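Here are the chains, one letter per residue:
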Amino acid sequence: MHSTVSDGTDTPSELLERVREAKIEMFALTDHDAIKGCAMIRNSIRPGDPFFINGVEFSCRDEEGKYHILGYNYSPDSASILDVVELGHGYREKKLMARLEFIRDRFGFSFSEEDVQYLQALENPGKPHIGNLMVRYGYAPSKEVAIREYLNQARFHNEYVRPEQAIQGILKSGGIPVLAHPVYGSGDELILDDRMDQRLKRLLEFGLQGVEAFYSSFTPKLEREMIFFAEKYNLYVTAGSDYHGKNKMIALGETNLDKAESIPDGMKRFLSVVGYAAG
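Quick caveat, the model's predicted, so the values are computed rather than measured.

Draft legend 1. Structural detail: the environment of Asp7. By secondary structure assignment, the location of Asp7 is in the segment before helix H1 (12-22). In this structure, Asp7 is in contact with His2, His32, Pro128, His129, His244 and Asn247, ignoring residues within four places of it in sequence. Of note is the side chain of Asp7, whose polar atom sits 3.3 Å from the side chain of Ser6. At 3.3 Å, the side chain of Asp7 and the side chain of His244 are in polar contact.

In structure tokens form, the structure reads like this:
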């Protein structure tokens, strides 16, 4: 789940209230390169509320491709997790200004000084924020078109947290590093079979401990493939919706886990290690 601290449209407080109303039993806030929202939720948790896990999602890239690394159950005061958050935030600020310069020079799209200051003031500015502004100015018919046809043309191969940096930062903070929506690479790229095996072997060398096998847009076939790899490498199994509020057409808690015939052992182990007891 994502909040306004990154690219969601619900504030952390609103997200907590929605989770309460939906009677979701456990959840994590996994803002991109940010953990501030988790502190806000922890400070608002009441007795009887759903079980909450500290979360974060680091946007990573290296010579082999793109990865989203989730961090769960870390110590929020650890310098290790804070260092990676600061690194990721710095890259996001650099890419913000570079993207604005790119679409101005390539397409002639410009914004007012007030709008640029608004973007700079965001906790973690990203393509959705620029895309929404482009729609408001009439430069694109939708946020999705703005990102796909304009913003994605700007390339930043060296302005990302590396996966080993994210994984090691999560581990050193006492957390669990998990590969988010594993089959999805860059753009429409799907990573399956032998390519997935090679990718996981590489990330395991860095300390990866889990895979997100249940995801809002996964088919049963993709779920089975990721459960197979989780069992092969004795990995934790997690489930995620990737809820962004109005920024994505994904419902709160839509993980497809409710359709599973059984709970994988890797998920049972994950629930145990984070301290969740069903019922």
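Draft legend 2. A look at the sheet that holds strand S5 (residues 210-215). Here six strands make up an open sheet; going across it, the order is S1-S2-S3-S4-S5-S6 and the pairing mixed. A strand with exactly one partner marks an edge of an open sheet, and here the two such strands are strand S1 (26-29) and strand S6 (236-240). Strand-to-strand twist of the sheet, defined as the mean angle between neighbouring strand axes without regard to direction, takes the value 40°. Bridging between strand S2 (residues 51-62) and strand S3 (residues 65-72) involves eight bridges; their strand directions are antiparallel.

Draft legend 3. Layout of the pairing of S2. Judged by how many residues are buried, S2 sits mostly within the fold: eleven of twelve residues are covered. Sheet topology note: the S1/S2 ladder contains four bridges and is parallel. Bridge pairing links Met26 to Phe51 in S2. Hairpin connection from S2 to S3: two residues lie between these consecutive antiparallel strands.

Rules and cut-offs
- Residues numbered from 1 in each chain as written.
- Predicted model: local features only at pLDDT ≥ 70, side-chain atom pairs only at ≥ 80, totals over all residues.
- Heavy atoms only, no water.
- Helix = DSSP H or I, 4+ residues; strand = E, 2+ residues; numbered from the N terminus.
- Contact = heavy atoms within 4.5 Å.
- Polar contact = N/O pair within 3.5 Å; in protein donor to acceptor, adjacent residues only side chain to side chain.
- Pairing = 2+ DSSP bridges.
- Axes fitted to C-alpha atoms, helices over the stretch in contact; angles between N-to-C directions.
- Buried < 20%, exposed > 50% of the residue type's maximum accessible area, 1.4 Å probe, protein only.

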